[in-house]
Amino acid sequence: SSDDVIELTPSNFNKEVIQSDSLWLIEFYAPWCGHCQRLVPDWKKAATALKGVVKLGAVDADKHQSLGGQYGVRGFPTIKIFGSNKNKPEDYQGGRTSEAIVDSALSSLRSLVKDRLGGRAGGSDSGRQSYSGGKKDVIDLTDDSFDKQVLKSDDVWLIEFYAPWCGHCKNLEPEWAAAATEVKEQTKGKVKLGAVDATVSQMLASRYGIKGFPTIKIFQKGEDPVDYDGGRTKADIVARAMDLFSENAPPPEMHEILNEDVVKKTCDEHQLCIVAVLPHILDTGAAGRNSYLETMMKMADKYKKKMWGWLWTEAGAQMDMESSLGIGGFGYPAMAAVNAKEMKFALLKGSFSEQGINDFLRELSFGRGSTAPVGGALPKINKVEPWDGKDGELPAEDDIDLSDVDLDDIEKDE
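Bear in mind that the values here come from a model prediction, so they are computed numbers and not experimental data.

Draft legend 1. Spatial organisation of the nonpolar core. Of all hydrophobic cores here, the largest spans 25 residues; its most connected members are Leu158, Trp176, Val191, Leu193 and Ile237. Secondary-structure elements contributing two or more residues to this core are β7 (156-162), α7 (167-187), β8 (191-197), β9 (215-219) and α9 (234-248). Tallying contributions element by element places α7 first for this core, with seven residues. Once residues within four sequence positions are removed from consideration, Leu193 is found in contact with Asp137, Val138, Ile139, Leu158, Trp176, Ala179, Ala180, Val183 and Ile237. Core analysis: the second largest hydrophobic core is formed by 23 residues, Leu23, Leu56, Ile79 and Ile101 among them.

Here it is, written out as structure tokens:
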């Protein structure tokens with residue numbers, strides 16, 4: 001509050017930025033990021049210098065991940081310029097000093113003014129213009145189609161009941177349309193956004209007690225509809241839809257490490273991959289191993305919103321991996337969480353139990369816990385045969401013929 005940088009959140013972003021005629025430079029940061037901390041004094045200084053000319057904002061993208069995700073933020077700090085088309089911000093390419101920030105802001109401002117001079121719309125109109133005809137992924141529903149499309153569907157639905165004359169509905173329309181497209185992509189159509197003109201489909205409006213506009217309701221198979229009470233921006237709607245998607249998603253798959261492809265695919269496609277090294281089958285038998293896998297499945301289901309990958313292998317099958325993750329020196333079962341992008345891992349120090357694993361994963365989900373670098377690239381992975389689900393068999397022993405052994409000689413040696 002003591003400086004001129006405007007703190008932005010999902011609840012004020014649309015009003016402050018998207019519907020604004022001003023040029024904005026916005027830094028997406030994380031409180032723990034060293035580069036972000038070093039940028040703070042220059043960012044504040046630039047904000048003061050540009051006061052009344054260009055607005056400088058800041059988004060805690062660690063706390064508001066939906067907002068960072070909406071604009072493709074992958075690292076910190078990320079700076080974006082919201083100019084004439086607020087829905088397509090440009091990446092900031094300038095330096096990190098206050099002088100460089102001011103120069104870049106003024107250059108962008110000149111471009112914005114030239115756009116307006118040339119008749120190209122800018123400011124608050126641009127948000128609405130870019131959605132013209134953009135309702136393609138919002139599904140129109142009527143009295144006739146509603147039951148078949150929604151109530152008999154296995155998908156999750158967010159449905160807006162609106163009236164054509166309603167001002168709030170018109171404001172929501174571009175946000176709803178943009179959210180529908182993103183949700184369709186991210187959930188592969190498993191969560192859908194619909195719209196009902198309640199002045200036409202009056203039976204539906206009456207059935208669901210619609211009193212004001214817009215009213216948004218959430219429909220899930222076998223459950224009574226519930227009111228959506230979140231924010232009205234694209235980011236808010238997408239975040240709620242993704243929560244619903246993860247709540248209804250099956251638990252992630254548990255992959256045995258059989259070859260390099262399994263590890264690469266699982267670790268590259270997920271923020272973290274959780275790797276368990278279970279005792280040898282001769283030490284546990286099938287029942288013991290299945291008990292460990294069941295514990296892992298419970299934890300995978302509990303943390304499925306995190307979209308982590310899950311892997312397991314038998315002790316001794318992947319020695320290079322065990323060595324690179326510091327596993328094996330203190331017994332099995334063991335567990336590590338690997339971030340393949342940053343080549344770092346964290347090791348389960350507690351017990352391999354629901355409580356122990358839960359504590360470990362909870363710390364990871366808050367970004368806490370000690371990490372160590374994985375040595376170089378991901379380790380070499382051996383090709384192995386999948387476990388057949390059975391108890392292990394001891395290798396056959398050769399019969400030893402003791403008839404030639406002279407026991408007297410052994411006694412003399414002793």
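From this point, the narrative continues.
Draft legend 2. Layout of the pattern of salt bridges. Enumeration according to the criterion identifies 16 salt bridges in this entry. Residue Asp268 is joined to Lys264 by a salt bridge in which the shortest nitrogen-to-oxygen separation is 3.0 Å. Here Asp268 pairs with Lys264, and both are found in helix α10 (residues 260-269), just four residues apart, close to one helical turn. Lys298 is paired through a salt bridge with Glu354; the nearest N and O atoms lie 3.1 Å apart. Of this pair, Lys298 sits in helix α11 (residues 281-302) while Glu354 is found in helix α13 (residues 354-365), placing the two residues 56 residues apart along the sequence. Here Glu354 falls in the partly exposed class, since its relative accessible area comes to 37%. Linked by salt bridges that have partners in common, Lys136, Asp137 and Lys184 make up one network.

Draft legend 3. A look at the sheet that holds strand β2 (residues 24-29). One open sheet accounts for five strands, arranged β1-β3-β2-β4-β5; its pairing is mixed. Lying at the two open borders of the sheet, with one neighbouring strand each, are β1 (6-8) and β5 (90-91). Helix α2 (residues 34-49) contacts β2, β3 (55-60) and β4 (78-82) of the sheet and is inclined by roughly 160° relative to β2.

Draft legend 4. Examining α2 more closely. For α2, spanning 16 residues, the distance from its first C-alpha to its last is 24 Å, which sits close to the expected 22 Å at 1.5 Å a residue. When the local axis directions of α2 are compared, the greatest deviation, roughly 40°, occurs at Val40, which is followed within four positions by the proline Pro41. Of all the positions in α2, only Cys36, Leu39, Trp43, Ala46 and Ala47 are classed as buried. Next to the buried residues of α2 lie β2, β3, β4 and α4 (98-117).

Calculation criteria
- Residues numbered from 1 in each chain as written.
- Predicted model: local features only at pLDDT ≥ 70, side-chain atom pairs only at ≥ 80, totals over all residues.
- Heavy atoms only, no water.
- Core = buried A, V, L, I, M, F, W, Y, C linked by side-chain atoms within 4.5 Å.
- Buried < 20%, exposed > 50% of the residue type's maximum accessible area, 1.4 Å probe, protein only.
- Helix = DSSP H or I, 4+ residues; strand = E, 2+ residues; numbered from the N terminus.
- Contact = heavy atoms within 4.5 Å.
- Salt bridge = Lys/Arg side-chain N within 4 Å of Asp/Glu carboxyl O.
- Pairing = 2+ DSSP bridges.
- Axes fitted to C-alpha atoms, helices over the stretch in contact; angles between N-to-C directions.
- Expected span 1.5 Å × (residues − 1).
- Bend = angle between axes of the 7 residues up to and from the residue.

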